[in-house]
Amino acid sequence: MPYAVELHGPEGEQLNTYSSARFPIGTKLIQQGGRTYRFALNGGATLVRGDVLQGPANVANHVGLTAAAMAAGTRAPTQLLGATAAVINEYAGGYASIQITPDGGSMYVIDNHAAVLSSGTITANLAQGYNINTAWTTDTRVDFVHNPFRGVIEVPVTTITQAIVGVAISVPTTGLYCWVQTGGPATVYTSGTQILGNPAAYIQVAGAAGPPATFATDFVIGEVMRVGTTTNWSMVYLRLE
């Protein structure tokens with residue numbers, strides 16, 4: 001699998017959408033004024049320009065897994081998944097994260113894998129430079145977590161299900177590749193009364209940013225550059241990189 005790179009691209013590239021992965025998922029595009037973008041795959045409904053996006057939700061049957069015994073140095077660990085299938089390369093560019101020791105604290109980038117049936121075994125071919133640090137035992141617990149840009153969706157109402165990754169700047173349908181903005185001046189859908197220079201945050205309103213009510217639940221994505229009225233759009237200096 002090709003790995004994400006950093007590009008300095010021409011104006012207009014950030015608005016393009018593609019039917020195939022023209023760049024590796026997560027590739028960073030840098031443009032003038034501090035604007036940065038990441039190459040992503042739309043995993044849900046047609047994106048809405050200016051809406052706040054999150055990564056794909058974890059699959060409940062692919063996390064917290066009891067590890068198979070695996071020797072240190074292994075570059076293609078095998079692991080029994082729960083009763084949810086995985087499509088080919090669903091976790092390509094994503095991660096195998098070890099939450100309970102032995103090998104706790106390790107994280108491995110996955111290069112590729114075949115399709116896996118429900119309750120089947122995944123062979124996770126690790127990316128170049130990775131091999132298991134410490135032998136796994138049945139005490140080890142493994143989480144399979146997607147690349148955060150492989151299957152982006154609009155942040156939902158009330159319950160966010162993955163990390164916030166950017167803002168939509170185009171309107172690709174499901175399964176199309178696109179750029180999402182992660183840094184610099186951006187036009188963002190607004191809910192509530194923004195204040196110039198103050199933080200803009202995900203505030204548990206679908207796709208929207210607004211003034212944070214509590215930092216316990218509202219995740220700051222940047223600062224307000226120009227105040228727009230509620231249910232319209234404000235300028236925000238994004239800080240998601």
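In short, a report on the structure.

A word on the side chain of Asp103
With respect to the helices and strands, the residue Asp103 is situated in the loop between β7 (95–100) and β8 (107–112). Arg141 is the oppositely charged side chain nearest to the buried, salt-bridge-free Asp103, at an N-O distance of 13 Å.

Re the pairing of strand β15 (residues 199–202)
Sheet analysis places β15 next to strand β17 (residues 219–226), joined by four bridges and oriented antiparallel. Across the sheet, Ala200 pairs through a bridge with Gly222, a residue of β17. The pairing of β15 with strand β16 (residues 209–210) spans two bridges and is antiparallel. Bridging from a neighbouring strand, Ala201 pairs with Gly210 of β16. Two successive antiparallel strands, β15 and β16, enclose a turn made up of six residues, where Gln204 displays a positive phi of approximately 65°.

Quick notes on unusual backbone geometry
With the exception of glycine, the majority of residues adopt a negative phi angle, and the majority of peptide bonds are in the trans configuration. Thr101 connects to Pro102 through a cis peptide bond whose omega is 10°. Within the secondary structure, Pro102 is located in the loop between β7 and β8. The backbone of Asp103 sits at a positive phi, close to 80°, despite the residue not being glycine. Of note in the backbone geometry, Thr231 takes a positive phi value of approximately 65° without being a glycine. The topology assignment puts Thr231 in the loop between β17 and β18 (233–239).

Some details on the environment of Gly104
Checked against the element boundaries, Gly104 lands in the loop between β7 and β8. Residue classification places Gly104 among the partly exposed residues on the basis of a relative accessible area of 40%. As a C-alpha pair, Gly104 and Leu15 span 89 residues in sequence and 41 Å in three-dimensional space.

Let's talk about the pairing of strand β12 (residues 150–154)
Direction of pairing for strand β3 (residues 35–42) relative to β12: parallel, over a ladder of two bridges. Opposite Leu41, over in β12, you have Arg150 as the bridge partner. When strand β4 (residues 52–54) meets β12, the two strands line up antiparallel, connected through two bridges. Note that in β12 the partner of Leu53 across the bridge is Glu154.

Re the pattern of salt bridges
For the structure shown, the criterion picks out four salt bridges. A salt bridge links Glu241 to Lys28; the nearest nitrogen and oxygen atoms lie 3.9 Å apart. With a gap of 213 residues between them, Glu241 in the segment after β18 and Lys28 in strand β2 (residues 28–31) connect regions that are remote in the sequence. Residue Glu241 is classed as partly exposed on the basis of its relative accessible area of 48%. Take Lys28: its relative accessible area is 17%, and that puts it in the buried class.

Cut-offs used in this document
Residues numbered from 1 in each chain as written. Predicted model: local features only at pLDDT ≥ 70, side-chain atom pairs only at ≥ 80, totals over all residues. Heavy atoms only, no water. Helix = DSSP H or I, 4+ residues; strand = E, 2+ residues; numbered from the N terminus. Buried < 20%, exposed > 50% of the residue type's maximum accessible area, 1.4 Å probe, protein only. Lys, Arg positive; Asp, Glu negative; His and termini not counted. Salt bridge = Lys/Arg side-chain N within 4 Å of Asp/Glu carboxyl O. Pairing = 2+ DSSP bridges.

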